[in-house]
Every structure is written in C-alpha cells, then in structure tokens.
Amino acid sequence: MESYSQYSDFTYWKELCDCKAKFDSTKYSREQLQNTFDYLWWSPNIDTDATSWTIEKIKELSLTDLENECTERINILKSFEFVEDSFWTQQKENLIIYYESTCRLKKYTILAYSNPEILLQYDLVDDKCI
C-alpha cells in the first residue's frame with residue numbers, strides 16, 4: 001500500500017526551466033537524485049584544454065590540470081551515491097569509460113606537441129570501441 005507521505009519534492013533546473021518532480025523517498029534519497037542529475041544526466045565534459053591554436057599557447061597546456069580533472073570526475077562516479085537501477089548503473093559505467101578514454105586521448109595530444117612520435121603508441125581501437 002502506498003501512502004502520499006513517502007513522496008517528496010525534487011526541484012531541478014533544466015536548460016531554461018525550473019522543474020519540480022515528486023519522488024518516492026523510500027526508494028531513493030534526495031542526495032542520490034541530485035547526484036544522478038548532476039553527474040549522470042548532465043554529465044560534464046573534461047574541460048581541460050589539450051589543443052592550442054597558436055604555438056605560443058602550447059606552454060599553457062597542463063598535464064597536471066588534466067590528470068587532476070580526470071581523477072576528480074572518475075572518483076566522483078566511483079564514490080558518490082546514485083539512483084540504483086540498470087539504466088543509471090550502465091550510464092555511470094559508460095561515463096567512466098568515456099572519461100578514461102577522453103583523458104587518455106587528451107594526454108597524448110598534449111604530449112605530442114613536444115614529441116609527435118608518442119602518437120604511434122596510442123591504440124586507436126580498444127575492446128570498448130566498435
């Protein structure tokens with residue numbers, strides 16, 4: 001038997017709208033919903049630059065910043081609590097793979113500015129790539 005007292009409001013922002021939803025607080029916590037929305041639904045990209053438009057700007061590319069950002073994003077996915085169902089679990093696994101491969105490509109891109117031969121070590125296809 002359901003009771004309306006188990007439902008709570010969840011407010012979130014989507015593009016230009018503020019939205020309000022109801023959720024069953026016996027199935028999910030507000031923290032799980034917020035984490036799912038913030039890190040799986042809106043899945044942020046890796047923002048650290050790996051390319052330069054001018055030769056002078058190459059020195060501004062930072063492997064340390066890239067590695068820190070990648071580690072932070074992956075650690076969030078591995079340690080935060082999310083809504084647990086097959087869809088969101090798969091989404092989380094896909095994002096970890098995406099972050100790992102994106103970070104690896106960006107690392108090789110930065111390193112290739114000073115050592116182009118490093119690109120020969122980059123595997124273009126892995127077991128996750130179709």
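Residues numbered from 1 in each chain as written. Predicted model: local features only at pLDDT ≥ 70, side-chain atom pairs only at ≥ 80, totals over all residues. Heavy atoms only, no water.

1. Brief notes about the nonpolar core
Among the nonpolar cores identified, the biggest contains 20 residues, and Leu40, Ile46, Leu77 and Tyr99 are the most heavily contacted of them. Of all the secondary-structure elements, those providing two or more residues to this core are α1 (30-41), α2 (63-79) and α3 (86-114). If one sorts the elements of this core by residue count, α3 sits on top with six residues. (Core = buried A, V, L, I, M, F, W, Y, C linked by side-chain atoms within 4.5 Å. Buried < 20%, exposed > 50% of the residue type's maximum accessible area, 1.4 Å probe, protein only. Helix = DSSP H or I, 4+ residues; strand = E, 2+ residues; numbered from the N terminus.)

2. Some thoughts on the pattern of salt bridges
Tallying each qualifying case throughout the model produces four salt bridges. Here Asp47 ties to Arg73 by a salt bridge, and the two come within 3.6 Å at their closest N and O atoms. Of the two residues, Asp47 sits in the loop between α1 and α2 while Arg73 sits in helix α2, which places them 26 residues apart along the sequence. When its relative accessible area of 55% is taken as the criterion, Asp47 is described as exposed. In this structure, the salt-bridge partner of Arg73 is Glu69, at a minimum N-O distance of 3.1 Å. Of the two residues, Arg73 and Glu69 are both situated in helix α2; the distance of four residues between them amounts to about one turn of the helix. Summarising the burial analysis for this pair, Arg73 and Glu69 share the class buried. A network of salt bridges, in which partner residues are shared, links Asp47, Glu69 and Arg73. (Salt bridge = Lys/Arg side-chain N within 4 Å of Asp/Glu carboxyl O.)

3. So, the packing of α1 against α3
Two elements in contact, α1 and α3, have axes separated by 10 Å at closest approach and are oriented at 40°. With respect to α3, the axis of α1 lies oblique. Handedness of the crossing formed by α1 with α3: left-handed. Contact residues: Thr36, Tyr39, Leu40 and Trp41 in α1; Trp88, Gln91, Lys92 and Leu95 in α3. Within the contact of α1 with α3, the residues separate by chemical class into five nonpolar, two polar and one charged. (Axes fitted to C-alpha atoms, helices over the stretch in contact; angles between N-to-C directions. Parallel < 35°, antiparallel > 145°, perpendicular 65-115°, else oblique. Left-handed = near helix turned anticlockwise from the far one by under 90°. Contact = heavy atoms within 4.5 Å. Nonpolar A, V, L, I, M, F, W, Y, C, P; charged D, E, K, R; others polar.)

4. Describing the environment of Thr89
With respect to the helices, strands and loops of the structure, Thr89 is situated in helix α3. A relative accessible area of 34% places Thr89 in the partly exposed class. Distance from Thr89 to Glu31, taken between C-alpha atoms, is 16 Å for residues 58 residues apart in sequence.

5. With respect to the pairing of strand β2 (residues 17-24)
Examined bridge by bridge, strand β1 (residues 7-14) and β2 share eight bridges and lie antiparallel to one another. Looking across to β2, one finds that Asp9 is bridged to Lys22. Hairpin connection, β1 to β2: the antiparallel pair is bridged by two residues, and Glu15 has positive phi, about 55°. (Pairing = 2+ DSSP bridges.)

Any functional reading would require information beyond the geometric quantities listed.
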